[in-house]
Amino acid sequence: MRTHGRAWSPIRTAVSLIFFWTSVGLCADGFEEVTYEDLLTQLSQKKSLIQSNNNSPFDKIMFHAGFGLITSAATVKIDGREQNKYQNGFQISLGVDLFSDVWGAEGVIRNFGTSYSGSETRSLREFDLKVLYRNRLNAESGLRYGAGLGTRYFKITDDASGLAINDATPVTTLFGGMDTYLSKSLSLGVEVGARAAMITRTIDKNSIDVTLRLDTYF
């Protein structure tokens, strides 16, 4: 019977050691006891730290798309005489954050269709590339302003006078407005913009417009 007891003694010793090592953790000054729940908490914290260190700046970038209704007044110069031309249109925009939730870039396509005034027919299309800054006032509202470059394609004909002009005009643009955030991914806003021709040999000199915008963020 003593031989049998000696045979089981190493097994009992091994089991005791396994139990001992699973109930303690190594620290700088020696050993301290940790529970199973503490161990899971430590592993979860280390996992979160690793994930936060691996976060890319691209993870916070948001895209935004929008639709707008425009009322515009343009100043044109024909035969040395300046005239104001009023048109209504719409715009489609697509933008992206510039590694920040306040700075962004935006491309805009604007179409004013065809307008008629007596024997005169005119049409206007525009393509803009803008940089904007968004200043959140609070959770529900914010300001936006910025600048950009664009190209306007202005066509005007008048059968009665024999007028036929089709100009492509590079322009600079300044704009500012206010947004009301309906939700985290949707905003409604008003924007005022001004445009000025970058060349002199064009009838399309400058314009000012007001745009009602609806934007979504994703």
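Structure: above.
Model, not experiment: these values are computed from the prediction.

**Observations regarding the pattern of salt bridges**
Part 1 of the reasoning: Tallied over the full model, the rule gives 18 salt bridges.
Part 2 of the reasoning: For Glu120, the salt bridge identified is with Lys85, shortest N-O distance 3.1 Å. Of this pair, Glu120 sits in strand β6 (residues 120-136) while Lys85 sits in strand β4 (residues 81-97), and the two are 35 residues apart along the sequence.
Part 3 of the reasoning: One salt bridge connects Arg144 with Glu191, and the closest N-O pair in it is separated by 3.8 Å. Separated by 47 residues along the polypeptide, Arg144 in strand β7 (residues 141-158) and Glu191 in strand β9 (residues 186-197) bring together distant segments of the chain.
Part 4 of the reasoning: In this structure Arg144 comes out as buried when scored by relative accessible area, which is 2%.
Part 5 of the reasoning: When its relative accessible area of 3% is taken as the criterion, Glu191 is described as buried.

**Overview of the packing of aromatic side chains**
Part 1 of the reasoning: Across all of its chains, the model carries six aromatic pairs by this definition.
Part 2 of the reasoning: Each ring, one from Phe63 and one from Phe218, has its centre 6.2 Å from the other, and the planes form 20°; the classification is stacked. Residue Phe63 is located in strand β3 (residues 63-78), and its partner Phe218 is located in the segment after β10 (204-217); the two are separated by 155 residues in the primary sequence.
Part 3 of the reasoning: Here Tyr181 and Tyr217 contribute two aromatic rings whose centre-to-centre distance is 6.4 Å and whose plane-to-plane angle is 40°, an arrangement assigned as tilted.

**Digging into the environment of Ser100**
Part 1 of the reasoning: Inspection of the secondary structure puts Ser100 in the loop between β4 and β5 (103-117).
Part 2 of the reasoning: You can call Ser100 partly exposed: its relative accessible area is 24%.
Part 3 of the reasoning: Here the alpha-carbon distance between Ser100 and Ile61, two residues 39 residues apart in the chain, equals 7.0 Å.
Part 4 of the reasoning: Within the structure, Ser100 has its side chain in polar contact with the backbone nitrogen of Val102 (distance 3.2 Å).

The rules we used
- The residue numbering used here restarts from 1 in each chain and proceeds along that chain's sequence as written.
- Since the coordinates come from a predicted model, pLDDT governs what is reported: local features require at least 70, and pairs of side-chain atoms require 80 or more to be given and counted, while whole-chain, interface and lining totals use all residues.
- Excluding hydrogens and water, the side-chain values take into account all heavy atoms of the structure.
- By convention in these notes, a salt bridge is any Lys or Arg side-chain nitrogen within 4 Å of a carboxyl oxygen on Asp or Glu.
- Helix and strand labels come from DSSP, where a helix needs a run of H or I of at least four residues and a strand needs a run of E of at least two; each type is numbered from the N terminus.
- For every residue, the accessible area obtained with a 1.4 Å probe (protein chains only) is divided by the maximum for its type, and the residue is called buried under 20%, exposed over 50%, and partly exposed between those limits.
- Working definition: a ring pair exists when centres of Phe, Tyr or Trp rings (six-membered ring for Trp) sit within 6.5 Å. Plane angles under 30 degrees give stacked, over 60 give edge-to-face, the rest tilted.
- Pairs of N or O atoms are called polar contacts if they sit within 3.5 Å, as long as, within protein, a hydrogen donor faces a hydrogen acceptor (for residues adjacent in sequence, only side-chain-to-side-chain pairs).

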